[in-house]
Amino acid sequence: WHEGRCADYPDISALEPFNNLGPIALTGTSYSPNAKLVVYESWDGEREATVLWDRENNMEVVRIPKADTAPYPQWNPEGDQVVLVGSQEYRTEKTRVMRPIDAELYILSVSNKAKQMTHLGELFDEITNIYDLGWSPDGQKIAFDLSVEDSDCKGGCIGILNVNTGETEIVNFPNYRIVSQLE
C-alpha cells in the first residue's frame, strides 16, 4: 500500500467485496485457478466497477460497471474466463426514460475483454437481479438465479445461458419463491 492505495491493484475498493453474496469474500479479489488473472472491485472516488487485471503483465484488461447486488464471480473450468454480474441501463417502454441499473451476465477474458452475455433488461420491463451463478462442468453453460419484480420471475427463475450461442433459457418454477426475512 502506498498513500492509502494498493500498488498492485489500482483503485481497489475497500467497500464490502462483491456485496458478500455467494461464498463469503474476505477480500474484494477473485483469482483465476492459475493466479495469472484477478477480478477485483474498483472505486475511483466516483464510480464502482469490476476490473479484470492481468497479473503477469501488470495491467488492466477491462472494467465493467458494478451491479448493485452481485454474487461472487465464478471462473470457468479452464480458468481463462470469469463470469460475473455487471450492470446495464435500459430505456423502458413505459416511461421512455433510463431506468435504474439492471443486472446482466458478463464474461471477462484476456482475449475477448468483456462480453455482455445476457440482455435481460430487454426481455423484462422491470429491474433484473441475479443472486447466484455457476458454470457447468464442461464450461458450455452458465446457470443463474434470476428475480424480476412484477413478472413471472418475481419469486425467482433459473436462467440457463449457452456460452457458445448466447441463447438464454428462462425456467420458471411457479411454486418456488425467494422469501425475505422481513416477510
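These figures come from a predicted structure and were not determined experimentally.

## A closer look at the nonpolar core
V85, L105, I130, I142 and F144 are the most contacted members of the largest nonpolar core, which totals 21 residues. Looking at this core, the elements that each hand over two or more residues are β6 (81–88), β7 (102–109), β9 (128–135), β10 (141–148) and β11 (157–162). With four residues, the top contributor of residues to this core is β10. Counting 11 residues, the second largest nonpolar core, distinct from the first, contains V39, V62, L84 and L108.

## Section: the packing of aromatic side chains
Counted by the stated rule, this structure contains one aromatic pair. Aromatic side chains Y40 and W53 sit 6.4 Å apart centroid to centroid with 55 degrees between the ring planes, which places their arrangement in the tilted category. Pair noted here: Y40 is in strand β2 (residues 37–43) and W53 is in strand β3 (residues 48–54), with a separation of 13 residues, a long-range link. Under the relative-accessibility criterion, Y40 is labelled buried at 0%.

## Brief notes about the side chain of E104
Relative to the assigned elements, E104 resides in strand β7. At 2.8 Å, the side chain of E104 forms a polar contact with the backbone nitrogen of L120. A distance of 2.9 Å separates a polar atom in the side chain of E104 from the backbone nitrogen of G121.

## Observations regarding the environment of S30
Within the secondary structure, S30 is located in strand β1 (residues 29–31). In this structure, the C-alpha to C-alpha distance between S30 and Q74, residues 44 residues apart in sequence, is 8.3 Å. Here W75 takes part through its side chain, which lies 3.0 Å from a polar atom of the side chain of S30.

## With respect to the sheet that holds β2
Strand order in this open sheet of four strands is β1-β2-β3-β4, and the pairing throughout is antiparallel. Of all strands in the sheet, those bounded by a partner on one side alone are β1 and β4 (59–65). Ignoring strand direction, the axes of neighbouring strands in this sheet form an average angle of 20 degrees. Here three bridges tie β1 to β2, and the two strands are oriented antiparallel to one another. Following the sheet pairing, T29 is matched in β2 by Y40.

Quick notes on the rules
Residues numbered from 1 in each chain as written. Predicted model: local features only at pLDDT ≥ 70, side-chain atom pairs only at ≥ 80, totals over all residues. Heavy atoms only, no water. Core = buried A, V, L, I, M, F, W, Y, C linked by side-chain atoms within 4.5 Å. Buried < 20%, exposed > 50% of the residue type's maximum accessible area, 1.4 Å probe, protein only. Helix = DSSP H or I, 4+ residues; strand = E, 2+ residues; numbered from the N terminus. Phe/Tyr/Trp six-rings, centres within 6.5 Å; stacked < 30°, edge-to-face > 60°. Polar contact = N/O pair within 3.5 Å; in protein donor to acceptor, adjacent residues only side chain to side chain. Pairing = 2+ DSSP bridges. Axes fitted to C-alpha atoms, helices over the stretch in contact; angles between N-to-C directions.

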